[in-house]
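Here is how the chains run, residue by residue.
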Amino acid sequence: MVDIAEAGSSGREAMAGSDGKSFEELAVPHLDMVFRIALRWTNDQHEAEDLVQEAYLRGHKSFNRFEMREYGIRPWLLRIMRNAFLNRAARQARAPKAADQQVLDQMHGEAATVEEAMAPPTLDYDRLDAEVKTAMQNLAPEFREALTLWATMELSYQEIADILEVPIGTVMSRLHRARQRMVRDLDDYARENRLHIGREL
Amino acid sequence: MTEEQAREILPIHADGELDARRASELDQALADSEELRDEFERWRALRRCAHRVVMSTSTPAGLKEAVLARISRKDHAVKFPLTGWFSGISAAAAALALVFFILQPKPASAIPMIAADRFVEIHRACALGGPHNTLGLNTQDIEQARVQLAGLVDSRVLLPDLSANGFELKGACRCFHAKNLDAVHVYYDRQTPAPAMVSLFTVGCKVCVKQGRCERCVCASGRCREYQVACANKTLVYKWDEGACSYAICGDLGTGELRALADALEFALENTGPDLQLTFTSDN
């Protein structure tokens, strides 16, 4: 179970370290992106909405501990949401619990070593959104959460590492494996449907 | 940089995360190889595609308002936030209180809490569903029954004569398995004016009925009795204490009739004649 240390004070009064802005002023503009990430993590709209609300409530509650650093409030907010997500998963005992990298390596290491590094197949990526979405859903949660953050194109590896609370090397490793898995799925799809550009198509 | 080395870091370069030195080397490799450039573009296309997937969903209408409303409610709920040193002292006091609560010895006289349906279950199973007469009462004569019980129990069993109310003794058992409590269950039935059964319980120690409301009465002897009244499965239970024991009556009678029957019961200590020494050994 992941713990979140939260202070018990209101976000309106706690503005230290936040450039004098309230929690609402800083956090609400990121609501769209936070929700989209929650949706990809949970694959369920209602659960995503609940998760976002829980994250914002927790963020508001512990806002007095937030310090506006170079990345702003977004990674901090996403980290809170991720912890809430992991707590929910652990409580429900359905989704895999938060695993450290060593456990992940044990779980996926064999596949990673056997799996040959692949380049993305030659496909028309403008028409592959549905397949990419399915491939993302098929990823193990630890890889999916990293890949989702990466897919926003707004977060650096370091920011993703901060959100996931892992070293940057772990982020790169997870992204590598996630992409390889997606590439393999897309390649299989392309072979089944004879879609390789410049070959069968 | 070999082509193999270049391929390994192509996705990272596509993400713009390579350091300047290696990025420069890779750019050179890309300039020299059309195949590498194609692969580089496919990595970028994959990310763009993933980006579209993530961004394709719009935020549900009302989510922002819901978030703000919950935050606002939270603000109002925190009228007197504990801050600074005061919150620290409060937390320490709470922790001390918790430790004290955990470590303090439990009082030996803690009264067990019993749900009303414990009584009702026995009434239904052993009286209505019986007769379950494991104590072997074979007489309807109350005085003889009291004698039969002598030597079987070590507390005073409520065994009243209810013939004036039309009820006859039918049997007795000790089917009361809540929290290892010893209890005797005796039950009566009647045929007129309407068939009915009532059960009386003598529990070997004081118990408390969960969610029971209190009612008081003055018995025929002039002494006060305080009931705990609860209902389970549409069956009323009246429980009261006397000496070191608890007694209860339940039955499928109307509220007024059952209460009147309970009120008519004299105190067991005064009405059971000679002491009844029950062993409470297993009867099953």
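The following paragraphs examine the structure supplied in this document. Computed from a predicted structure; not experimentally measured.

**Some details on the overall build of chain B**
Okay, step 1: Scanning chain B for helices and strands turns up 9 helices and 9 strands.
Okay, step 2: Put simply, chain B has 284 residues, and 31% of those count as buried.

**Observations regarding the interface of chain B and chain A**
Okay, step 1: If you look at the interface, chain B gives 34 residues, while chain A gives 37 residues.
Okay, step 2: Those elements that place two or more of their residues in the side of chain B that touches chain A are helix H1 (3-14), helix H3 (34-55) and helix H4 (63-77) of chain B.
Okay, step 3: Per-element accounting of the side of chain B that touches chain A gives the leading share, 14 residues, to H3(B).

**Quick word on unusual backbone geometry**
Okay, step 1: For the peptide bond that leads from B:Thr192 to B:Pro193, omega is -5°, which places it in the cis range.
Okay, step 2: Tracing the backbone through its elements, the reader meets B:Pro193 in the loop between strand E3 (183-190) and strand E4 (196-203).
Okay, step 3: Despite not being glycine, A:Asn43 shows a phi value in the positive range, around 60°.
Okay, step 4: Residue position: A:Asn43 is located in the loop between helix H2 (31-42) and helix H3 (45-61).
Okay, step 5: The exposure class assigned to A:Asn43 is exposed, which follows from the 12 C-beta atoms found within 10 Å.
Okay, step 6: A positive phi is found at A:Glu165, a non-glycine position, where the angle reads about 60°.
Okay, step 7: Within the fold, A:Glu165 resides in the loop between helix H8 (157-164) and helix H9 (168-193).

**Section: the packing of helix H6 (residues 129-137) of chain A against H9(A)**
All names here are of chain A.
Okay, step 1: For the pair H6 and H9, the least separation of the axes is 9 Å and the interaxial angle reads 135°. On the basis of their axis angle, the class for H6 and H9 is oblique. As H6 packs across H9, the resulting crossing turns out to be right-handed. Residue-level inspection shows Glu131, Val132, Ala135 and Met136 of H6 in contact with H9, the latter providing Met182, Asp185, Leu186 and Tyr189.

**Brief notes about the sheet that holds strand E6 (residues 213-218) of chain B**
Whenever strands of a sheet pair, they do so through backbone hydrogen bonds, lying parallel or antiparallel.
Residues and elements named next belong to chain B.
Okay, step 1: In spatial order, the strands read E2-E3-E4-E9-E8-E7-E6; together these 7 strands make up an open sheet with antiparallel pairing. Looking along the sheet, the strands with just one partner apiece sit at the ends: strand E2 (168-173) and E6. Direction aside, the axes of adjacent strands within the sheet are offset by 25° on average.
Okay, step 2: Note: E3 against E4, 8 bridges, orientation antiparallel. By the bridge assignment, His185 is partnered in E4 with Phe201.

**Considerations on the pairing of strand E7 (residues 224-232) of chain B**
Residues and elements named next belong to chain B.
Okay, step 1: Pairing between E6 and E7: 6 bridges, direction antiparallel. Note on E7: the bridge partner recorded for Arg213 is Val229.
Okay, step 2: With 5 bridges connecting them, E7 and strand E8 (residues 235-242) associate as antiparallel partners. For Val229, the partnering residue across the bridge sits in E8 and is Tyr238.

**Some points on the nonpolar core**
Okay, step 1: In terms of nonpolar packing, the biggest core is built from 57 residues, with A:Ala38, A:Met81, A:Ala146 and A:Leu147 touching the most fellow members.
Okay, step 2: Looking at this core element by element, the count peaks at 8 residues for helix H4 (residues 74-92) of chain A.
Okay, step 3: Judged by nonpolar contacts, the second largest core, of 50 residues, contains B:Val120, B:Ala127, B:Leu137 and B:Ile249.

Thresholds applied
- Residues numbered from 1 in each chain as written.
- Chains lettered and ligands numbered in written order.
- Predicted model: local features only at pLDDT ≥ 70, side-chain atom pairs only at ≥ 80, totals over all residues.
- Helix = DSSP H or I, 4+ residues; strand = E, 2+ residues; numbered from the N terminus.
- Buried ≥ 20, exposed ≤ 12 C-beta atoms within 10 Å, placed from the backbone.
- Contact = placed C-beta atoms within 7 Å.
- Axes fitted to C-alpha atoms, helices over the stretch in contact; angles between N-to-C directions.
- Parallel < 35°, antiparallel > 145°, perpendicular 65-115°, else oblique.
- Left-handed = near helix turned anticlockwise from the far one by under 90°.
- Pairing = 2+ DSSP bridges.
- Core = buried A, V, L, I, M, F, W, Y, C linked by C-beta atoms within 7 Å.

So far we have only geometry, and geometry alone does not tell us how the molecule works.
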